[in-house]
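Listed here are the chains, written in short residue letters.
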Amino acid sequence: MSKSAAPIAGKPSAVKKNKPTSVTFTRVFTDELEQIERSREARGVTHAAPAKDSLIGLAFSGGGIRSATFNLGILQGLAAKGLLSKFDYLSTVSGGGYIGSWLAAIIQRWDPPGKFTPVEEALCRKQYKIGEPAEYAPVHWLRNYANYLTPQTGLFSADAGAMVGTWLRNVILNFIVLVLFLSGMILLPSVLVLATRDDLLPHPQFSLIAGACLVLVATLCMARSMMDFTPWEHQQSNWFLRNRVALSVALFFFAALLFNIGMWRWDGIARGTLQYWIPGAAVYYTGTWLLAFLMFGTSRTTPDPGKPEEKESDDKKSEEPVISWPALIFSAAGAGALGGYLLNRYAWYMGAVPPNDQNIWRVVIFGTVT
């Protein structure tokens, strides 16, 4: 009896997956311009400049049936001048979408479809014949059924009740969101006042040090944002790139709050003369920007739009200088010196505010007791 060898379990052959390539805005826009050029040829429109430099669009805003009725008059005015075929884009929203979709429909339903001349003639008839309607049939239909939100007229009709219910629903939902947001904003000062308690911050120097650290972090965020040239479509996947502006503003806001509390609680901070405040602030602020640009550089890399779909090599990227080192030092030192002078004057003012529980609310929220 022969023995058969047991089959050897082998690993399945690895299937190499192609990494999907991202589509950049430059590539999409280039294809769109080519499509617009073909559309212009079909419409019989000629421009002295290429499509990239002569794009024109027509936008209809919202506003319900009032917007649709108003925009119908705009369409008839443009049709009277023979300008409807000149537009490359049509952008609509809400009530403007009602008239915009109607216009697109009659253009495509005309025989042959896509021709603007007969549509323009129908929109602005100048000669009327006996026995024919005064308006083009689709325009007449549009006017007759303009009350599409409540086709059944009457105060006690089902459509009127549905419209009132829809309006109340939207108003209540909006008020819920707004009331919760405003309630949170009203409670925020209470949280800030709790942060100034002596048992949480026993020494006012802690507030000033924490504020200086926040200024440093905010400066780094600003410098990182200045050096970044990431395309907009790639920024959506990065939390920092999406929120860098709001983050920098929030950090400076909380730094100002901490400075405000520290200067109010530290009685002797304003006794220093300007010869210490101005140079000290200038050196500190210049140092923060020097550190930021030592970390991120003074120039940013710009991509080459020639081949956006391919991964660019280093030799296809160009360095765009943002600021020179002398300009950086001069501007940062000047801004820091000015800030030191203003902080000194403000510290003298805050030193006159009595440190009691009644004034703490005004100091935290408004920065003053007046």
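Note that residues are indexed from 1 along each chain, following the sequence as it is written. Residues qualify for local features only when their pLDDT is at least 70, as the model is predicted, and side-chain atom pairs are given and counted only at 80 or more; totals for whole chains, interfaces and linings, by contrast, use all residues. To get the side-chain values, all heavy atoms of the structure are used, and hydrogens and water are removed first.

1. Some words on the side chain of N344
At step 1: Numbered from the N terminus, helices here are DSSP runs of H or I no shorter than four residues, and strands are runs of E no shorter than two. Position of N344 relative to the elements: it lies in helix 11 (residues 325–351).
At step 2: For the purposes of these results, a polar contact is taken to be a pair of N or O atoms within 3.5 Å, where, inside protein, one atom must be able to donate a hydrogen and its partner to accept one; residues adjacent in sequence count only when each atom of the pair is a side-chain atom. Side chain to side chain, N344 and R345 meet in a polar contact 2.5 Å long.

2. Let's talk about the nonpolar core
At step 1: Of all hydrophobic cores here, the largest spans 22 residues; its most connected members are L75, L84, I99, W102, L103 and L123.
At step 2: For this core, the secondary structure elements donating two or more residues are strand 1 (57–60), helix 2 (64–80), helix 3 (95–109), helix 4 (117–123) and helix 5 (137–144).
At step 3: Leaving out residues up to four positions away in the same chain, L103 has contacts with L75 and V119.
At step 4: Joining through side-chain atoms within 4.5 Å is the link that ties buried Ala, Val, Leu, Ile, Met, Phe, Trp, Tyr and Cys residues into a set, and such a set is a nonpolar core. Only protein chains enter the area calculation, which uses a 1.4 Å probe; residues under 20% of their type maximum are buried, those over 50% are exposed, and those in between are partly exposed. Core analysis: the next-biggest nonpolar cluster, separate from the first, contains eight residues, L220, A292, L328 and A332 among them. Working rule for contacts: check all heavy atoms of both residues, and any pair within 4.5 Å makes them a contact.

3. Structural notes on helix 2
At step 1: End to end, helix 2 covers 25 Å across 17 residues, agreeing with the expected 24 Å (1.5 Å per residue, within 8%).
At step 2: Of all the residues in helix 2, the buried ones are S67, A68, N71, L72, L75, L78 and A79. End-on view of helix 2: buried residues confined to an arc of 145°, all on one side of the axis. Along helix 2, the residues that are exposed and aim more than 90 degrees away from the buried face are R66 and F70.
At step 3: Buried positions along helix 2 lie against strand 1, helix 3, helix 4 and helix 5.
At step 4: Positive backbone phi, approximately 70°, marks G82, located one or two places after helix 2. In this scheme, a helix's expected span is set at 1.5 Å multiplied by one less than its residue total. As used here, the arc is the angular range of directions from the helix axis to the C-beta atoms.

4. A word on the side chain of S85
At step 1: In this fold, S85 is placed in the loop between helix 2 and strand 2 (89–92).
At step 2: For S85, a relative accessible area of 10% gives the class buried.
At step 3: Beyond its immediate chain neighbours, meaning those up to four positions away, S85 contacts R43, V45, F116 and E120.

5. Description of the pairing of strand 2
At step 1: By definition, two strands form a pair when at least two bridges between them are found by DSSP. Across four bridges, the pairing between strand 1 and strand 2 is parallel. Across the sheet, A59 pairs through a bridge with S91, a residue of strand 2.
At step 2: Considered for its hand, the β-α-β crossover made up of strand 1, helix 2 and strand 2 is right-handed. A right-handed crossover is one whose linking path, passing over the helix from the first strand to the second, runs clockwise when the strands point away from the viewer.

6. Concerning the pattern of salt bridges
At step 1: A side-chain nitrogen of Lys or Arg and a carboxyl oxygen of Asp or Glu constitute a salt bridge if their distance falls within 4 Å. Evaluation of the coordinates by the stated rule reveals two salt bridges.
At step 2: Among the ionic pairs, R40 bridges to D88, the shortest N-O distance being 2.7 Å. Taken together, the residues R40 in helix 1 (residues 25–43) and D88 in the loop between helix 2 and strand 2 connect sequence positions 48 residues apart. Take R40 and D88: they sit in the same class, and that class is buried.
At step 3: Ionic pairing is found between D88 and R43, a salt bridge with its closest N-O pair at 3.0 Å. With D88 in the loop between helix 2 and strand 2 and R43 in helix 1, this pair connects stretches of sequence that are 45 residues apart. With respect to class, D88 is no different from R43; both count as buried.

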